[in-house]
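# Coordinate inspection notes
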Amino acid sequence: MAPPQNCPDDWHQPLRHVRAGELSAETAQTAGMSRREAISATTVGSQRLWMGETRVPPHTGSGDHHHGDSETAIHVLRGHPVFVFAEHGEEVRLQTGPGDYVFVPPYTPHHEENLSDEEAVVLIARSSQEAIVVALPSLTPQGGGADD
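Please read all numbers here as calculations on a predicted model, not as lab measurements. (Residues numbered from 1 in each chain as written. Predicted model: local features only at pLDDT ≥ 70, side-chain atom pairs only at ≥ 80, totals over all residues. Heavy atoms only, no water.)

### Focus on the overall build of the chain
- Regarding its fold elements, the chain presents zero helices and eleven strands.
- For the chain, the sequential pattern of α-helices and β-strands runs β-β-β-β-β-β-β-β-β-β-β.
- Looking at the chain as a whole, 34% of its 148 residues qualify as buried.
- A separation of at least 24 residues holds for 68% of the contacts in the chain among residues at least 6 apart in sequence.
- On the chain, roughly 8,700 Å² of surface is accessible, and the fraction owed to carbon and sulfur atoms is 53%. (Helix = DSSP H or I, 4+ residues; strand = E, 2+ residues; numbered from the N terminus. Buried < 20%, exposed > 50% of the residue type's maximum accessible area, 1.4 Å probe, protein only. Contact = heavy atoms within 4.5 Å. Areas by Shrake-Rupley, 256 points an atom, 1.4 Å probe, with all protein chains shown as cover.)

### Quick notes on the environment of Gly97
- Along the polypeptide, Gly97 turns up in the loop between strand 7 (90-95) and strand 8 (101-104).
- Separated by 23 residues in the primary sequence, Gly97 and Ala120 have C-alpha atoms spaced 9.1 Å apart.
- Setting aside its immediate chain neighbours within four residues, Gly97 contacts Val76, Gly79 and His80.

### With respect to the packing of aromatic side chains
- One pass over the full model with this rule turns up zero aromatic pairs.
- Arg126 extends its terminal NZ or CZ atom over the ring of Trp50, reaching a point 5.1 Å from the ring centre. (Phe/Tyr/Trp six-rings, centres within 6.5 Å; stacked < 30°, edge-to-face > 60°. Lys NZ or Arg CZ within 6 Å of the ring centre and 35° of its normal.)

### Regarding the sheet that holds strand 5 (residues 72-78)
- Strand order in the open sheet formed by five strands is 1-2-10-5-8, and the pairing between neighbours is antiparallel. Two strands lie at the open edges of the sheet, namely strand 1 (34-39) and strand 8, each paired on one side alone. On average, adjacent strands in this sheet sit at an angle of 25° to one another, irrespective of strand direction.
- Bridge count for strand 2 (residues 50-56) against strand 10 (residues 120-126) is seven bridges, and the pairing is antiparallel. Residue pairing in the sheet places Val56 in a bridge with Ala120 of strand 10. (Pairing = 2+ DSSP bridges. Axes fitted to C-alpha atoms, helices over the stretch in contact; angles between N-to-C directions.)

### A closer look at the pattern of salt bridges
- Counting across every chain of the model gives six salt bridges.
- Notably, a salt bridge pairs Glu53 with Arg55, separated by 2.7 Å at the nearest N-O pair.
- Since its relative accessible area comes to 25%, Arg55 is described here as partly exposed.
- Shared partners join several salt bridges into a network, and the residues in it are Arg36, Glu53, Arg55, Arg78 and Glu119. (Salt bridge = Lys/Arg side-chain N within 4 Å of Asp/Glu carboxyl O.)

### With respect to the confidence of the model for the chain
- When the pLDDT values of the chain are averaged, the result is 86; 89% of them are 70 or greater.
- Throughout residues 143-148 the model reports pLDDT below 50, and contacts reaching past four residues in sequence, or to other chains, amount to nine contacts. (pLDDT = per-residue confidence, 0-100.)

In structure tokens, the structure reads:
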């Protein structure tokens, strides 16, 4: 197998360092939150991974959305965000706190809420080099429950 381009030798690629102040807001956004990318095809040339952070101000919620065919892993750094999705047509609310993890499967409609007085900050990793965000009108398909 040929080495990837821009390798200093036959098989090593250099590590890339993205400082906290260098995160980019030039990524897909959802109303009610601020998403910033750190690791992506654009910032470091990643091919299968996207990583960044999301901040949700106090007493704010995001719009309903999903992340296409990407798997999403979330680690709560600060605050107590609530992750909301529908299961069998019923709303489910995951109450989280610092140190907790949440897995969002591909195409799963959800939104985030921050009902507290402090900003919520979460670290996000996705199985795509893009921050895929598809805005939705609701958590359930129009005209029925989640299983329609």
